[in-house]
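Coordinate analysis (summary)
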Amino acid sequence: FPVTILQVLAFNLIDSQPKPCKFHLDTKGWFAKINEETFEAHEQAVLGNKDAEAEELTDIITVCVSMLEDMGYDQSARMKIQREVNEKNGKRNYLK
């Protein structure tokens, strides 16, 4: 069957979203992981390695998504929260 442009766009959109990891940590463990990834991003920033810094920052996003998933917030719930945060930040004139 021929693939439509909408199918390609939908796949690319889904494939580029952060996917939660399978870890189950306690709160202390999750924040330790966030701190570890933050430290690694900072190291790459200090070294001036922009691509590695971007990857480490994306790791932070993935860890946060994983923590939220572990807390019981599925993708639908996370999307709802993100819309609320975007709305709040829009009201504060923080958004581009």
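Scope of this entry: the structure provided in the associated data block. (Residues numbered from 1 in each chain as written. Predicted model: local features only at pLDDT ≥ 70, side-chain atom pairs only at ≥ 80, totals over all residues. Heavy atoms only, no water.)

Remarks on the overall build of the protein chain
Our working definition: The secondary structure listing takes helices from DSSP runs of H or I that are at least 4 residues long and strands from runs of E that are at least 2 residues long, numbered from the N terminus. Exposure categories follow from relative accessible area, calculated using a 1.4 Å probe and restricted to protein chains: below 20% of the type maximum is buried, above 50% is exposed, and the middle band is partly exposed. Between two residues, a contact is recorded if the distance between any of their heavy atoms is within 4.5 Å. All accessibility values rest on the Shrake-Rupley procedure with a 1.4 Å probe; residue burial counts only the protein chains present in the view.
A tally of regular secondary structure across the protein chain gives four helices and zero strands. Helices (α) and strands (β) of the protein chain occur, in sequence order from the N terminus, as α-α-α-α. The burial tally for the protein chain puts 15% of its 96 residues in the buried class. Residue pairs at least 24 apart in sequence account for 54% of intrachain contacts in the protein chain once pairs closer than 6 positions are excluded. Summed over all atoms, the accessible surface of the protein chain reaches about 8000 Å², with 60% contributed by carbon and sulfur.

Overview of the environment of Glu55
Inspection of the secondary structure puts Glu55 in helix H3 (residues 50-70). By relative accessible area, Glu55 is classed as exposed at 52%. Taking the C-alpha atoms as reference, Glu55 lies 9.9 Å from Glu37; in sequence the two are 18 residues apart.

Remarks on the layout of surface pockets
For clarity, the threshold we go by: Only protein atoms enter the 1 Å grid, on which a cavity is a set of points fitting a 1.4 Å probe that cannot get out and a pocket is an open set with protein on both sides within 12 Å along at least 5 of 7 lines, lining residues being those with an atom within 4 Å of a point. Grid points are joined across faces, edges and corners, and a volume is the space filled by probe spheres set on the points. Classes in brief: Ala, Val, Leu, Ile, Met, Phe, Trp, Tyr, Cys and Pro nonpolar; Asp, Glu, Lys and Arg charged; the others, Gly included, polar.
Empty space within the largest pocket amounts to approximately 350 Å³. Taken together, 13 residues make up the lining of the largest pocket; nearest its centre are Pro18, Val65, Arg78, Met79 and Gln82. Of all the elements in the fold, those that place two or more residues in the lining of the largest pocket are H3 and helix H4 (75-91). Per-element accounting of the lining of the largest pocket gives the leading share, seven residues, to H4. Among the residues making up the lining of the largest pocket, the classes are represented as eight nonpolar, three polar and two charged.

A look at the side chain of Glu37
Counting through the fold element by element, Glu37 comes out in helix H2 (residues 27-47). Given the relative accessible area of 6%, Glu37 is considered buried. Residues in contact with Glu37, not counting those within four places in the same chain, are Glu56, Asp59, Ile60 and Val63.

Digging into the packing of H2 against H3
Selection rule: Think of each axis as a best-fit line through the C-alpha atoms, taken over the contacting stretch in the case of a helix, with angles from 0 to 180 degrees between the N-to-C directions. If an angle is under 35 degrees, it is roughly parallel; if it is over 145, roughly antiparallel; if it lies from 65 to 115, roughly perpendicular; otherwise it is oblique.
The contact between H2 and H3 brings their axes to 8 Å, and the two run at 170 degrees. The angle between the axes of H2 and H3 places the two elements in the roughly antiparallel class. Residues Trp30, Phe31, Lys33, Ile34, Glu37, Thr38, Glu40, Ala41, Gln44 and Ala45 of H2 lie in contact with H3, whose contacting residues are Ala52, Glu53, Glu56, Leu57, Asp59, Ile60, Val63, Cys64, Ser66, Met67 and Asp70. Of the residues contributing to the contact of H2 with H3, the split by class is 11 nonpolar, three polar and seven charged.

Let's talk about the pattern of salt bridges
For side chains bearing opposite charge, pairing can occur when the charged atoms are close. We apply this condition: Salt bridges are defined as contacts in which a side-chain nitrogen from Lys or Arg sits within 4 Å of a carboxyl oxygen from Asp or Glu.
If you walk through the whole model with that rule in mind, you get five salt bridges. Ionic pairing is found between Lys33 and Glu36, a salt bridge with its closest N-O pair at 3.3 Å. Note that Lys33 and Glu36 are positioned in helix H2 at a spacing of three residues, about one turn of the helix. Here Lys33 falls in the partly exposed class, since its relative accessible area comes to 25%. Arg78 is paired through a salt bridge with Glu69; the nearest N and O atoms lie 2.5 Å apart. Three or more residues joined by partner-sharing salt bridges are found here, namely Lys33, Glu36 and Glu37.

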